[in-house]
Amino acid sequence: MTSPYRYLEEIATADVAFEAWGTTTEEAFLAAADATLNTMVEEIGTVAPLERRVFSLAADSLDLLLLELLQELVYHKDADRLLLRVRDLRIEETGSGYRLHADAYGETIDPGKHPLLADVKAVTLHRLSVEKTLSGWCAVVVLDV
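Rules behind the numbers
- Residues numbered from 1 in each chain as written.
- Predicted model: local features only at pLDDT ≥ 70, side-chain atom pairs only at ≥ 80, totals over all residues.
- Heavy atoms only, no water.
- Helix = DSSP H or I, 4+ residues; strand = E, 2+ residues; numbered from the N terminus.
- Rg over C-alpha atoms; globule rule 2.2 N^0.38 Å.
- Buried < 20%, exposed > 50% of the residue type's maximum accessible area, 1.4 Å probe, protein only.
- Contact = heavy atoms within 4.5 Å.
- Areas by Shrake-Rupley, 256 points an atom, 1.4 Å probe, with all protein chains shown as cover.
- Lys, Arg positive; Asp, Glu negative; His and termini not counted.
- Charge placed at Lys NZ, Arg CZ, Asp CG, Glu CD.

Chemist: Quick question: what am I supposed to make of the overall build of the chain here?
Modeler: Counting its secondary structure elements, the chain contains 2 helices and 8 strands. Listing each helix as α and each strand as β along the chain from the N terminus yields β-β-α-β-α-β-β-β-β-β. Whereas a compact globule of 145 residues would reach a radius of gyration of roughly 15 Å, the chain reaches 14 Å, a difference of no more than 12%. Once the C-alpha set of the chain is aligned to its principal axes, its extents read approximately 45 × 35 × 30 Å. Buried residues in the chain amount to 49% of all 145 residues. Within the chain, residue pairs in contact and separated by at least 24 positions form 64% of the contacts whose partners lie at least 6 positions apart. Element-wise, carbon and sulfur atoms account for 49% of the exposed surface of the chain, whose accessible area totals about 7,400 Å². Positive and negative side-chain charges in the chain, numbering 13 and 25 respectively, have mean positions lying 3 Å apart.

Chemist: I'm lost on unusual backbone geometry in this one. Help?
Modeler: Positioned with a positive phi, Arg 81 is a non-glycine residue whose angle comes to about 55°. By the secondary structure assignment, Arg 81 is in the loop between α2 (62-80) and β4 (82-94). Residue classification places Arg 81 among the partly exposed residues on the basis of a relative accessible area of 44%. With phi around 65°, Arg 127 is a residue other than glycine that occupies positive phi space. Within the secondary structure layout, Arg 127 lies in the loop between β6 (122-123) and β7 (129-133).

Here it is, written out as structure tokens:
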């Protein structure tokens, strides 16, 4: 099975850029979350669902909502040494923007179990986008590593 994301070498040479997609905004956000985790660890399947975190986030636009979600993953990696994989996600439109509810599961970083690739420092606003396409939704993200 191919991943619903690909890395974009031509966008950012010092950072990591990727494009993630899905038939729904939720699928595109899940793919972007997996791509972010896969930037940090070699194999995302090695991250066991031992701890749970629940996120409720809000933003004025879908691209800023995606930024909030991915920043949450980076925050928990830095603050708690916790690698998280988003398993369930719901996005709803509000009168003033969007709200997201997500369940993420993961475990503490263990370099023996999780070969680390890059230390993601932040999600940038550079080229950040979430757009409707003919086949669904596509997000472009640049990570500061």
